[in-house]
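Summary of structural features
Residue-level listing of the chains:
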Amino acid sequence: MSVLQKLESWQKAGLIDARQKQIIMDYENSQSSHKLSRIVYFLACFTIGLGIISIIAANWDALPSGLKILCDFILLSLTALAAFKFEKLPHSNKFEGTLLFFAMLILGSIGLIAQVFNLQSDNLSAILLWSVLTAPLLVQTKKIALPIVWLPMFFVSLVDCLADWSVFENWWRNFSSAFLLAPMSFATLIACFFFVIFKYAFNERNHQLVSAAKFWLIVVWTYSILSANNPYLVNILSYIHKPTEVNYLYAGLTSVFFLITAFAAFKVLSSPLLAQNMGIMFLMVFLYQFIGQNSIIRELWSIVLTLSVLGVTLWHVNKSQNYKLADFISALIALRIFGIYLQVIGDLSMTGIGLIASGIILLLLIKLWYKLKQNRGLKGNDDEK
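Keep in mind that this is a model prediction, so the values were computed, not measured. Starting from 1, residues in each chain are numbered consecutively following that chain's sequence as written. In view of the model being predicted, local features appear only for residues whose pLDDT reaches at least 70, and side-chain atom pairs are presented and counted only at 80 or more, with totals across whole chains, interfaces and linings using the full set of residues. Calculated side-chain values reflect all of the structure's heavy atoms, with hydrogen atoms and water omitted.

1. Quick look at the overall build of the protein chain
Helix and strand definitions here come from DSSP, where helices need a minimum of 4 consecutive H or I residues and strands a minimum of 2 consecutive E residues; each element is numbered from the N-terminal end. Secondary structure summary: the protein chain contains 16 helices and 0 strands in total. Contacts: residue pairs with any heavy atoms within 4.5 Å of one another. Taking the contacts inside the protein chain whose residues are at least 6 apart along the sequence as the reference set, 62% of them involve residues at least 24 apart. Accessible surface, the protein chain as shown: approximately 25400 Å² in total, 69% of it carbon and sulfur. Method for areas: the Shrake-Rupley scheme with a 1.4 Å probe, in which residue coverage is limited to the protein chains shown.

Written out as structure tokens, the structure is:
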């Protein structure tokens with residue numbers, strides 16, 4: 001529904017009069033014009049930037065190395081000064097854009113210096129250096145753009161650099177084969193752990209960093225659930241790491257780490273949804289050690305895992321009265337049920353008949369639930385009388 005349609009419906013309902021409607025429409029029109037001017041401004045700056053880059057690229061080999069570095073540092077200094085100037089403006093999109101551009105310039109400067117001095121690296125140490133140099137910018141930003149880019153680049157480059165250490169490499173080899181689904185559990189646990197740490201440490205000082213950590217937590221969690229529902233991928237993981245027997249030392253340490261993180265999410269952060277989902281994941285990974293190679297039990301395990309996570313999430317979302325998100329999760333549950341029918345029946349027409357029957361049963365159960373609730377309410381009123 002457009003803004004005009006909403007205003008007309010509000011006017012018909014008597015919530016606003018014609019004068020208030022016109023004021024709101026004028027405000028919305030002015031905001032739209034501001035958005036258009038911002039888009040044109042961004043397009044103009046982007047076009048000028050591409051033009052400058054094209055001219056420099058065409059004459060790159062002809063430029064002396066010292067001149068390249070000098071121009072780079074001049075550009076860095078001017079960008080830093082511009083960011084400092086824009087930072088004083090309230091709710092300045094110019095400051096956020098300049099800050100993000102400054103971070104990208106730092107990455108380009110690292111690449112330029114590596115090219116000029118012929119510095120070679122077989123890992124992502126340049127990205128890790130960029131992450132360290134740009135970490136102070138996270139304190140200044142008020143938008144999610146920089147943190148959402150910075151977090152994955154930092155963690156991926158850190159793991160890549162640690163992989164060059166024999167101690168870390170040996171530990172990872174032993175851990176990944178310690179029990180079934182160890183790599184997936186480790187990724188999920190690390191995402192949960194750092195979200196808990198960031199939320200505890202930066203929730204008041206830098207909410208955007210917490211939002212970025214939450215975004216990547218959802219991405220990792222979703223990927224883990226989808227991976228667990230893919231028997232082929234699970235078989236590949238089992239084949240690659242080949243855990244012949246459970247290493248109880250690594251499994252025990254992982255369990256303790258899991259439980260501490262879930263407890264902190266439940267008690268310190270008052271985030272029962274994350275704690276309960278971690279509990280579900282922990283239980284399912286534990287039970288998976290006893291499944292073996294039975295494909296039917298593996299499929300049942302993945303069904304229970306998905307529906308448990310979606311069911312717990314739906315309960316919390318409905319409790320918080322976020323009905324749009326509840327509808328979306330309900331649709332995901334319906335899609336998972338559709339997938340179950342396809343797995344069990346395999347025929348699309350029979351699946352359709354089964355889904356229709358299931359939908360009718362659900363409608364009858366909902367009607368019965370509302371009937372019981374209504375009767376309970378009437379009984380309560382009679383008791384009060």
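Structure's up, so let's keep going.
2. A look at the pattern of salt bridges
Salt bridges, as used here, are contacts in which a Lys or Arg side-chain nitrogen is within 4 Å of a carboxyl oxygen on Asp or Glu. Evaluation of the coordinates by the stated rule reveals 1 salt bridge. Close ionic contact of Glu-169 with Arg-173 constitutes a salt bridge, the shortest N to O distance being 3.6 Å. Of this pair, Glu-169 and Arg-173 are both found in helix H8 (residues 166-176), 4 residues apart, which corresponds to roughly one turn of the helix. Glu-169 sits in the partly exposed class, given a relative accessible area of 39%. A 1.4 Å probe rolled over the protein chains alone gives each residue an accessible area, and that area as a share of the maximum for its type sets the label: buried under 20%, exposed over 50%, partly exposed in between. Arg-173 sits in the partly exposed class, given a relative accessible area of 44%.

3. Remarks on the packing of helix H3 (residues 65-87) against helix H4 (residues 93-116)
Packing of H3 against H4 brings their axes to within 9 Å, and their N-to-C directions diverge by 165 degrees. By the angle between their directions, the pair H3 and H4 is classed as roughly antiparallel. For the pair H3 and H4, the sense of crossing is left-handed. Across from Ser-65, Lys-68, Ile-69, Asp-72, Leu-75, Leu-76, Thr-79, Ala-80, Ala-82, Ala-83, Phe-86 and Glu-87 in H3, the residues of H4 making contact are Lys-94, Phe-95, Thr-98, Phe-101, Phe-102, Leu-105, Ile-106, Ser-109, Leu-112 and Val-116. Its residues assigned to classes, the contact of H3 with H4 shows 14 nonpolar, 4 polar and 4 charged. Every axis corresponds to a line fitted to the C-alpha atoms, with the helix fit spanning only the stretch in contact, and the corresponding angles, defined between N-to-C directions, vary from 0 to 180 degrees. Roughly parallel covers angles under 35 degrees, roughly antiparallel covers those over 145, roughly perpendicular covers 65 to 115, and oblique covers all other angles. For a crossing to be left-handed, the near helix must be turned anticlockwise from the far one by less than a right angle; the clockwise case is right-handed. Here the term charged refers only to Asp, Glu, Lys and Arg, the term nonpolar to Ala, Val, Leu, Ile, Met, Phe, Trp, Tyr, Cys and Pro, and the term polar to all other amino acids, Gly among them.

4. Some words on the layout of surface pockets
Considering only enclosed or pocket space, the second largest pocket measures out at about 1100 Å³ in volume. With a 1 Å grid spanning the protein atoms alone, the term cavity applies to any set of points in which a 1.4 Å probe fits but cannot get out, the term pocket to an open set with protein on both sides within 12 Å along at least five of seven lines, and the term lining residue to any residue with an atom within 4 Å of a point. Around the second largest pocket sit 30 residues that line it, and Ile-218, Trp-221, Leu-273, Asn-277 and Thr-313 are the ones nearest its centre. With 10 residues, the top contributor of residues to the lining of the second largest pocket is helix H10 (residues 207-228). Grouping the amino acids of the lining of the second largest pocket by side-chain chemistry returns 18 nonpolar, 9 polar and 3 charged. Grid points are joined across faces, edges and corners, and a volume is the space filled by probe spheres set on the points.

5. Things to note about the nonpolar core
Residues enter a nonpolar core if they are buried and are Ala, Val, Leu, Ile, Met, Phe, Trp, Tyr or Cys, with the set joined through side-chain atoms within 4.5 Å. Of all hydrophobic cores here, the largest spans 59 residues; its most connected members are Trp-221, Leu-274, Met-278, Trp-301 and Leu-305. Judged by nonpolar contacts, the second largest core, of 5 residues, contains Leu-310, Val-317, Ala-326 and Ile-329.

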